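# Close look at the chain arrangement
What follows is the residue order along each chain.
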Amino acid sequence: MEKAEKTNAMRLLDAKKIAYTAYAYDPSVTDGEQVAALLGEDARAVFKTLVTVTDKGEHAVFCVPVCASLDLKRAAKAAGAKSVAMIKQKELEPLTGYVHGGCSPVGMKKRLRTFIDESALAFPEIYVSAGKVGRQMRLSPQALAGYVGARFLPLAAEET
């Protein structure tokens, strides 16, 4: 792994003196489980950032392991809505400032309600996007939640 250039998400964490480790990898690798393999990490410790819209038109962010799916019923319950749906890819950058594959829970244009799957608490550190395709950062799940104001809840779909 090469040292990653600073992204806006990293600069924001630096400003608050929140410890993280940055990683760079081949940006052509877009599958989350392949990213975890490149990082040499358990895919359960590498989280994807998903942006949704509720039936009330409110946006919410959910971080779940790359090897799991977001349970939309659990997500709706967390957001206090009847239903949630993934936003359209073309809506992601105008809303968050991030492109698909490089969406970080840190540093979105507007602070959105954020929820992290409770499985993150099983790890001393987790990986999330650093705000650019091909960049990840590893940090304490509690530090991440504290910075973005997230709650830990069961969000991943049950494995069958």
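Below: a short report on this structure. In this text the structure is predicted, and so the values were computed from the model without any measurement. (Residues numbered from 1 in each chain as written. Predicted model: local features only at pLDDT ≥ 70, side-chain atom pairs only at ≥ 80, totals over all residues. Heavy atoms only, no water.)

## Observations concerning the overall build of the protein chain
This is how it is decided: Elements are defined by DSSP. Helices are runs of H or I of four residues or more, strands are runs of E of two residues or more, and each kind is numbered from the N terminus. Values of the radius of gyration come from C-alpha atoms, whereas the globule rule sets the reference at 2.2 Å times the count of residues to the power 0.38. The rule is simple: take the accessible area with a 1.4 Å probe, protein chains only, and divide by the maximum for that residue type; under 20% is buried, over 50% is exposed, in between is partly exposed.
Of regular secondary structure, the protein chain possesses five helices and eight strands. Each helix and strand of the protein chain, ordered N terminal to C terminal, gives the series α-β-α-β-β-α-β-α-β-β-β-α-β. Against the globule reference of 15 Å for 160 residues, the protein chain gives a C-alpha radius of gyration of 14 Å, in line with a compact fold. Viewed in the frame of its principal axes, the protein chain has a C-alpha envelope of about 45 × 35 × 30 Å. Scored against the burial criterion, the 160 residues of the protein chain give a buried share of 48%.

## Digging into the packing of aromatic side chains
The line we're drawing: Geometry of aromatic contacts follows a simple scheme: Phe, Tyr and Trp rings, the Trp one being its six-membered ring, pair when their centres are within 6.5 Å, and the pair is stacked under 30 degrees between planes, edge-to-face over 60, tilted otherwise.
Evaluation of the coordinates by the stated rule reveals two aromatic pairs. Between Tyr23 and Tyr127, the aromatic rings sit 5.5 Å apart at their centres with planes inclined by 50 degrees, giving tilted as the arrangement. Taken as a pair, Tyr23 in strand β1 (residues 21-24) and Tyr127 in strand β6 (residues 126-129) lie far apart in primary sequence, 104 residues in all. Residue classification places Tyr23 among the buried residues on the basis of a relative accessible area of 14%. Judged by its relative accessible area of 2%, Tyr127 falls in the buried class. Ring geometry for Phe62 and Phe115: centres 5.2 Å apart, planes at 20 degrees, overall stacked. One end of the pair, Phe62, is in strand β3 (residues 59-65); the other, Phe115, is in strand β5 (residues 113-117), with 53 residues separating them in the sequence.

## A short note on the pattern of salt bridges
For clarity, the cut-off: Here a salt bridge means any side-chain nitrogen of Lys or Arg lying within 4 Å of a carboxyl oxygen belonging to Asp or Glu.
Using the criterion set out here, one finds six salt bridges in the structure. The salt bridge partner of Glu125 is Arg138, with a shortest N-O separation of 2.7 Å. With a gap of 13 residues between them, Glu125 in the loop between β5 and β6 and Arg138 in strand β7 (residues 135-139) connect regions that are remote in the sequence. According to the relative accessible area criterion, Glu125 is partly exposed, its value standing at 31%.

## A look at the layout of surface pockets
How we decide: In this analysis, the protein atoms alone were mapped onto a 1 Å grid. Cavities are point sets where a 1.4 Å probe fits without being able to get out; pockets are open sets with protein on both sides within 12 Å along at least five of seven lines; lining residues have an atom within 4 Å of a point. Grid points are joined across faces, edges and corners, and a volume is the space filled by probe spheres set on the points.
In this structure, the largest pocket encloses a volume near 600 Å³. Broken down by secondary-structure element, the contributors of at least two residues to the lining of the largest pocket are α2 (32-39), β2 (47-54) and α4 (89-96). For the lining of the largest pocket, the leading source of residues is β2, giving five residues.

## A few points about the sheet that holds β6
Formally: Note on pairing: DSSP must find at least two bridges between two strands before they are called paired. Helix axes are fitted only over the stretch in contact, all axes being lines through C-alpha atoms; the angle between N-to-C directions runs from 0 to 180 degrees.
Strands sit in the order β1-β7-β6 across an open sheet of three strands; the sheet is antiparallel. Either end of the sheet is taken by a strand with one partner, and the two such strands are β1 and β6. Averaged over neighbouring strand pairs, the angle between their axes works out to 30 degrees when direction is ignored. The pairing of β1 with β7 spans four bridges and is antiparallel. Within β7, the residue paired with Ala24 across the bridge is Arg135.

## As for the sheet that holds strand β8 (residues 151-153)
What the five strands build is an open sheet, ordered β4-β2-β3-β5-β8; its pairing is mixed. Only two strands of the sheet have a single partner each, and these edge strands are β4 (84-86) and β8. Each strand of the sheet is rotated relative to its neighbour by a mean of 35 degrees, with strand direction disregarded. Pairing of β2 with β4 involves three bridges; the strand directions are antiparallel.

## Points about the side chain of Arg135
Going by this rule: Any pair of N or O atoms that falls within 3.5 Å is considered a polar contact. Within protein, one atom must be able to donate a hydrogen and the other to accept it, and sequence-neighbouring residues count only if both atoms are side-chain atoms.
On the secondary structure map, Arg135 appears in strand β7. Within polar-contact distance, the side chain of Arg135 engages the side chain of Glu5 at 3.5 Å.

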